[in-house]
Amino acid sequence: MTSLDLFGNLGSESLRLNISEQAILFHQFLAKNDDALLTEVRSVLRRSPLRHLQTPAGHKMSVKSSNCGEYGWLSDRGGYRYQKTDPVTKAAWPKMPSLIRSKAIEAATFAGFADFQPDSCLINVYLPGAKMGLHQDKDETDFEKPIVSFSFGVPITFMWGGFKRSEKYQKFSLQHADALVWGGRDRLRYHGVQQLKEAMHPLTGRCRVNLTIRQAG
Ligand code: MD3
Ligand code: FE
């Protein structure tokens, strides 16, 4: 059952949308911290620059990616995995900045997931035309832990599917300053985003920036 209620204790501008029991969209959750969070993202990207990853089949992903935190998510001809070093710089990934970490823990807590200790943040930057097909996130060690996603900049259409790729999906808009938290029985749902449309946002220009914050190790 989907319900929409005012999210009073976070300020009247923030709305809580229960996509399902364990998948919760906090609309405008990051609105007061958007500039500071994007400043943290830029400082990470100066040390571990964005790059296009290759899929195991050898295709170039349309998003550009980087990571911060102890573990970074990677894809190459060898498969999907988490790794402690950046293959471009050969160094450890930059530390997860403090506001990214604390807002992720706060969102997880509001969604009902206590004891979330994030150690990985994947940064995906979408330019017009970039997309992510339906997939499951299953490279983490503990599926009991939630995943938190932060969206910034140009809005995108999110696809919320079932437990088989062929199942029908619902569509939601993910907008600037939205936080999405999911776990429990929804953790292994198929999901993805449709092609980013040409548009402008004052803080990010033509792009969409997505952070997925996880407990990977
Ligand atoms: C619901 N990113 O990086 S985030 C990914 O918006 C990824 O850029 C998308 O999927 C993006 O892996 C979606 C929101 C999201 C992520 C994983 C989910 C929602 C999810 C897993 C299960 C259910
Ligand atoms: Fe995903």
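First, a word on scope: everything that follows refers to the structure included in this document. Quick caveat, the model's predicted, so the values are computed rather than measured. (Residues numbered from 1 in each chain as written. Chains lettered and ligands numbered in written order. Predicted model: local features only at pLDDT ≥ 70, side-chain atom pairs only at ≥ 80, totals over all residues. Heavy atoms only, no water.)

Here the iron ion (ligand 2) is held by His135 (NE2), Asp137 (OD) and His191 (NE2), and the distances to it run 2.1 to 2.2 Å. Linear spacing of the donor residues for the iron ion (ligand 2) on their chain is H-x1-D-x53-H. Judged by relative accessible area, which is 22%, His135 ranks as partly exposed. (Donors = N, O, S within 2.8 Å, 3.2 Å for Na, K, Ca; no water. Buried < 20%, exposed > 50% of the residue type's maximum accessible area, 1.4 Å probe, protein only.)

Let us look at the site of ligand 1. Taken together, the neighbourhood of ligand 1 is formed by 21 residues, with Tyr126, His135, Trp182, His191 and Arg208 sitting nearest. At a separation of 3.2 Å, an oxygen atom of ligand 1 approaches a polar side-chain atom of His135. A total of 500 Å² of accessible area belongs to ligand 1 in isolation, and the protein chains cover 98% of it. Among the elements of the structure, strand E7 (120-126), strand E8 (132-135), strand E10 (156-160), strand E12 (179-182), strand E13 (191-193) and strand E14 (208-214) are those that each provide at least two residues to the shell around ligand 1. Tallying contributions element by element places E14 first for the shell around ligand 1, with 4 residues. Counted by class, the shell around ligand 1 contains 9 nonpolar, 6 polar and 6 charged residues. (Near = heavy atom within 4 Å. Polar contact = N/O pair within 3.5 Å; in protein donor to acceptor, adjacent residues only side chain to side chain. Areas by Shrake-Rupley, 256 points an atom, 1.4 Å probe, with all protein chains shown as cover. Helix = DSSP H or I, 4+ residues; strand = E, 2+ residues; numbered from the N terminus. Nonpolar A, V, L, I, M, F, W, Y, C, P; charged D, E, K, R; others polar.)

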